[in-house]
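Now for the letters of each chain:
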Amino acid sequence: MAEKTISALVEGGKASPGPPLGPTLGPMGISAANVVKEINEKTKSFVGMTVPVTVLVDTETKEFKITVGTPPISALIKKQIGVEKASGKAKEIKIADMLIDEIIEIAKSKQDALHAKDLHRGVKEVLGTCLAMGVTVEGKDPRDVQKEVSEGKYDEKITGKTPLKNLTPEEQKTRAEKAKKATEKKEEAPPKKKAN
């Protein structure tokens, strides 16, 4: 069995038969349209995000198998809070506030891809990304929430004993509007003092 692996980053639900997929699949006698159709079906829940995709092709039988990775943590956070970019100055400009429940959901969705050995550490990894992006959690600095995770404050939610809550669509819309305004703030340097 002769196999060839093609890896690509595609926008969720919007892969095309152009480069890098089409030119690689064509010479193998594989229909790029069929591969793209399946990729778009498998990635439609990641619309607006870049997703890693691997196509494993059996060059003899012309059969293919597609595996879809998950977007980076930062992309999942941006989708959750409804922005296209993070804060350019995370220390000064906070763009949004998330629920710990949302952080746990992201950690669960990334569990296989995270460096963390367990979900508690995965939650802390997501919190670290929040810190770098200018996102607070439950109104707090993500470092403080990491300490609370270590102290066991959210064990019931992390272990699934307590159900996670979600924001209503209206709450999500309001947060997204606030976050967009925060990311649009002019991130100008303060004027330099003139030397006498």
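Residues numbered from 1 in each chain as written. Predicted model: local features only at pLDDT ≥ 70, side-chain atom pairs only at ≥ 80, totals over all residues. Heavy atoms only, no water.

### Some thoughts on the overall build of the chain
Here is step 1: Counting its secondary structure elements, the chain contains eight helices and five strands.
Here is step 2: Listing every helix and strand of the chain by position from the N terminus yields β-α-α-β-β-α-β-α-α-β-α-α-α.
Here is step 3: Relative to the 2.2 N^0.38 estimate, which gives 16 Å for 196 residues, the radius of gyration of the chain is 21 Å and therefore markedly larger than a compact globule would have.
Here is step 4: Seen through its C-alpha atoms, the chain measures out along the principal axes to roughly 70 × 55 × 35 Å.
Here is step 5: Looking at the chain residue by residue over its 196 residues, the buried ones come to 37%.
Here is step 6: Taking the intrachain contacts of the chain between residues at least 6 apart in sequence as the baseline, contacts between residues at least 24 apart amount to 64%.
Here is step 7: Total accessible area computed for the chain in this model is approximately 11900 Å², and 51% of it derives from carbon and sulfur atoms.
Here is step 8: Of the side chains in the chain, 35 bear a positive and 29 a negative charge, and the two mean positions are spaced by 6 Å. (Helix = DSSP H or I, 4+ residues; strand = E, 2+ residues; numbered from the N terminus. Rg over C-alpha atoms; globule rule 2.2 N^0.38 Å. Buried < 20%, exposed > 50% of the residue type's maximum accessible area, 1.4 Å probe, protein only. Contact = heavy atoms within 4.5 Å. Areas by Shrake-Rupley, 256 points an atom, 1.4 Å probe, with all protein chains shown as cover. Lys, Arg positive; Asp, Glu negative; His and termini not counted. Charge placed at Lys NZ, Arg CZ, Asp CG, Glu CD.)

### Describing the sheet that holds strand β2 (residues 50–58)
Backbone hydrogen bonds hold the strands of a sheet together, and the pairing may be parallel or antiparallel.
Here is step 1: The three strands are arranged β1-β2-β3 in an open sheet whose pairing can be described as antiparallel. The sheet terminates laterally at β1 (3–11) and β3 (63–68), the two strands that pair on one side only. Across the sheet, the axes of successive neighbouring strands diverge by a mean angle of 20°, strand direction being ignored.
Here is step 2: With nine bridges connecting them, β1 and β2 associate as antiparallel partners. Paired with S7 across the bridge in β2 is T54.
Here is step 3: Each of β1, β2 and β3 touches helix α2 (residues 32–43); the most contacted strand, β3, lies at about 25° to it. (Pairing = 2+ DSSP bridges. Axes fitted to C-alpha atoms, helices over the stretch in contact; angles between N-to-C directions.)

### Focus on the confidence of the model for the chain
Here is step 1: In the predicted model, the chain carries a mean pLDDT of 85, and 91% of its residues have values of at least 70.
Here is step 2: Per-element averaging of pLDDT across the chain places helix α1 (residues 21–25) at the bottom with 85 and helix α6 (residues 142–151) at the top with 96. (pLDDT = per-residue confidence, 0-100.)

### Details of the environment of E3
Here is step 1: Residue placement: E3 occurs in strand β1.
Here is step 2: You can call E3 partly exposed: its relative accessible area is 46%.
Here is step 3: Along the primary structure E3 and D58 are separated by 55 residues, whereas in three dimensions their C-alpha atoms are 4.5 Å apart.
Here is step 4: For E3, the contacting residues outside a window of four places in its chain are L56 and V57.

### Describing the nonpolar core
Here is step 1: Grouped together as the largest cluster of nonpolar side chains are 32 residues, with contacts concentrated most on I77, I103 and V123.
Here is step 2: Secondary structure elements with two or more residues in this core: α3 (73–81), β4 (96–98), α4 (100–109), α5 (119–133), β5 (135–137), α6 and α8 (169–184).
Here is step 3: Considering each element in turn, this core owes the most residues, six residues, to α5.
Here is step 4: Residues in contact with I103, not counting those within four places in the same chain, are M98, V123, V126, L127, C130 and V137.
Here is step 5: One finds I6, V10, I30 and I39 within the second-largest nonpolar core, a separate group that totals 16 residues. (Core = buried A, V, L, I, M, F, W, Y, C linked by side-chain atoms within 4.5 Å.)

### A short note on the pairing of β2
Here is step 1: Here β2 pairs with β3 via six bridges, running antiparallel. Each residue of the ladder has a partner; that of V55, found in β3, is I66.
Here is step 2: Hairpin connection, β2 to β3: the antiparallel pair is bridged by four residues, and K62 has positive phi, about 70°.

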